[in-house]
Each structure stands twice: as C-alpha cells, then as structure tokens.
Amino acid sequence: MPDWIAPILNDLDPEKPVLIAGPTASGKSALALRIAEGSGGTVINADALQVFSDWRILTARPSVEDETRTPHALYGHIPGTQAYSVGDWLRDLPPHLTGPRPIIVGGTGLYFTALTEGLADIPPSPPGIRARADARIAAEGADALLAEIDPVTAARIDRDNPVRIQRAWEVQETTGTGLAQWQDRTGPPLLPLGEAQPIVLDAKRDWTAARATARFDTMLEQGVLDEARANRDGWHPALPSAKAIGAAELMAHLDGTLPLHALRERVAILTRQYAKRQRTWFRARMRNWQWFACA
C-alpha cells in the first residue's frame, strides 16, 4: 500500500459518504475500491466518460473483476450514442445515496460541484439543436460558438473545453437564457459538502503524466485496439462517447493514418492537457476539500 493512502484510510468515518476527486491516472479508483473493501460501501462513478458502455478499457473503467469485488454503480450504463449530462447523472444518483455508504469517485469536477452545491434545472437540448451544434463544431470549431455565448457565461465556463462551450451554446439557443443565469437559479444540493468526506488527490504533473503513459501501454496490452475495432462500425466523432481521450486517434490508427508510436504520443499529450484542466477546476472550486498529496 502506498504511504499516502494510510492517512486517508485512518481518518475516514465508516458511516459517512466519501467523495474522491483527482486528475486522471492519480489512483482514484484504486483508493475507492480499497475503502469499499475495508469498511463497506458502493463505489459510484463521477466520471462523465465512464458512464458509456462502449469504452471500458479506454476510459479506465473498473474491470469486471473489480466490479465483482464490491458493489459499483453508474458505470457503463449509457449507450455511447446517447447524450448524457450532469443533470442526467444527478437524476440517476439518488437511489444509490440511500443504500450502502456511497463512495463517489471520478475526475469530472462539474459532477462534484453539482452534487455538493446544487444545479439549476436546465431543460435538455432538443436533438435538432444538438445536431446543429455538432455540425458547427466540426466545421467551424468551438470558438465560433463561444463568440455567440453571452459575456457572463463566456467568462465563467472553461473556454478551453469544447464540450462546455457547446453545452452553453445549446442552453442559450434552446431557452433564450444564458447558462450563467440558469446556474444562478441553483436548487439545493443532493449531498451538501458538510455531510460528506471530500478528498482531492493532489497528484503532480510529471507523476501523473508518467502514470498515464504507462496506463495507455497497459490498455494496449489489455486489448484497447480490439475495443476500437468493435466500435468501428457506426463510429462518428460527434458521438457522445467519442470524446474519450484517444478514441479518435485509435480510429485513425485503424484507418492506417496514424502509426502506433504517434498514437501513443498523441494520447500522452491529450492526457496531460486534460489533467491540467482538471487541476484548474479543483483548485478553483474545491478549496474546501481535504487535499492529499499522492506523489
């Protein structure tokens, strides 16, 4: 057991819900499994891409073996063709908050913020508007949508994240009201922060980068190329699950346009960029959580 895990395990109340956030490849899932096996509970997913059924290996979902060791919830329960928002996650979550002690783990900061601070009840985007947004993102890039978003929302969202830009544009186009205004009408949280044990794994950049590279090599050994082949029919970059890091690059490799060494390098770059965005969110929105250095 790594030295950094022991203080976390020793300080936990076995009756109180646990929240575990951290950048990709920081060891969140292993910690959640360790807590669940040691003192009981259900491991609940708070990762926006691990909800999809079509990319178990690529999104580093818990293995089938891990899922048999202790109860898991909200992993791989959504088809990769179906859009899934933070609002959908909040609607799916309540039944799992009333059973065995919830251990909610993931890297999607917005999920944790919505859980502990509340989320405005924003109407879903109609398929036609989502299709227009997808087409414009593909043809013009996210900046074209960003230019049309109201200034308050544009200043608040992650401007480097095309998914957040598209969501803000869709909300404004659907409702005529900016996302920021909707967020300011926030309802009560499902799980206030004071009723949980919130943990952020403070993983340093170089440490997680090395782990992420090693993890992708492990994914190759586990058959991620076969997983990509299984998803090849019907593949489209606009699919909700296509946002998984490395999905488009795997398809390019299968098409013969991206050599394996270039695939590995590209996934490493994308993973570092994603981890940087995660850290930025955690520092801005999770200052009141307990931070543990894991490297």
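Please refer to the structure placed before this passage.
Below: a short report on this structure. (Residues numbered from 1 in each chain as written. Predicted model: local features only at pLDDT ≥ 70, side-chain atom pairs only at ≥ 80, totals over all residues. Heavy atoms only, no water.)

This paragraph deals with the sheet that holds strand E6 (residues 290–293). Within the open sheet, the six strands sit side by side as E3-E2-E4-E1-E5-E6. Their pairing is parallel. Either end of the sheet is taken by a strand with one partner, and the two such strands are strand E3 (72–73) and E6. One ladder, built from four bridges, connects strand E5 (residues 197–202) with E6; its direction is parallel. Residue pairing in the sheet places Leu201 in a bridge with Phe292 of E6. The sheet strands contacting helix H2 (residues 28–39) are strand E1 (18–21), strand E2 (42–45), E3, strand E4 (102–106) and E5, and the helix crosses E4 at an angle near 170°. Across the sheet, helix H6 (residues 109–117) lies against E1 and E4, angled at about 150° from E1, the strand it touches most. (Pairing = 2+ DSSP bridges. Helix = DSSP H or I, 4+ residues; strand = E, 2+ residues; numbered from the N terminus. Contact = heavy atoms within 4.5 Å. Axes fitted to C-alpha atoms, helices over the stretch in contact; angles between N-to-C directions.)

Glancing now at the nonpolar core. Core analysis: the biggest nonpolar cluster contains 26 residues, and Leu19, Trp89, Ile104, Phe112 and Leu115 have the highest contact counts within it. Residue assignment for this core shows that the elements contributing at least two residues are E1, helix H4 (86–92) and H6. Considering each element in turn, this core owes the most residues, five residues, to H6. Setting aside chain neighbours within four positions, we find Leu19 in contact with Ile104, Phe112, Leu115, Thr116, Leu191, Leu193, Ala196, Gln197, Pro198, Ile199 and Trp289. Core analysis: the second largest hydrophobic core is formed by 20 residues, Ile57, Leu58, Ala228 and Leu239 among them. (Core = buried A, V, L, I, M, F, W, Y, C linked by side-chain atoms within 4.5 Å. Buried < 20%, exposed > 50% of the residue type's maximum accessible area, 1.4 Å probe, protein only.)

The next thing to look at is the packing of aromatic side chains. Two numbers describe a pair of aromatic rings. These are the distance of the centres and the angle of the planes. For the structure on display, the rule yields two aromatic pairs. Between Trp89 and Tyr111 the ring centres are 4.6 Å apart and the planes differ by 25°, which places this aromatic pair in the stacked class. Residue Trp89 is found in helix H4, and its partner Tyr111 is found in helix H6; the two are separated by 22 residues along the sequence. With a relative accessible area of 0%, Trp89 lands in the buried category. (Phe/Tyr/Trp six-rings, centres within 6.5 Å; stacked < 30°, edge-to-face > 60°.)

Within the secondary structure layout, Trp207 lies in helix H12 (residues 205–222). Separated by 203 residues in the primary sequence, Trp207 and Trp4 have C-alpha atoms spaced 14 Å apart.

Moving on: the packing of helix H14 (residues 247–254) against helix H15 (residues 260–285). Axis separation between H14 and H15 bottoms out at 10 Å; the angle between their running directions is 170°. Relative to H15, the element H14 lies roughly antiparallel. Every residue of H15 that contacts H14 at Glu249, Leu250 and His253 is listed here: Leu260, Leu263, Arg266 and Leu270. (Parallel < 35°, antiparallel > 145°, perpendicular 65-115°, else oblique.)

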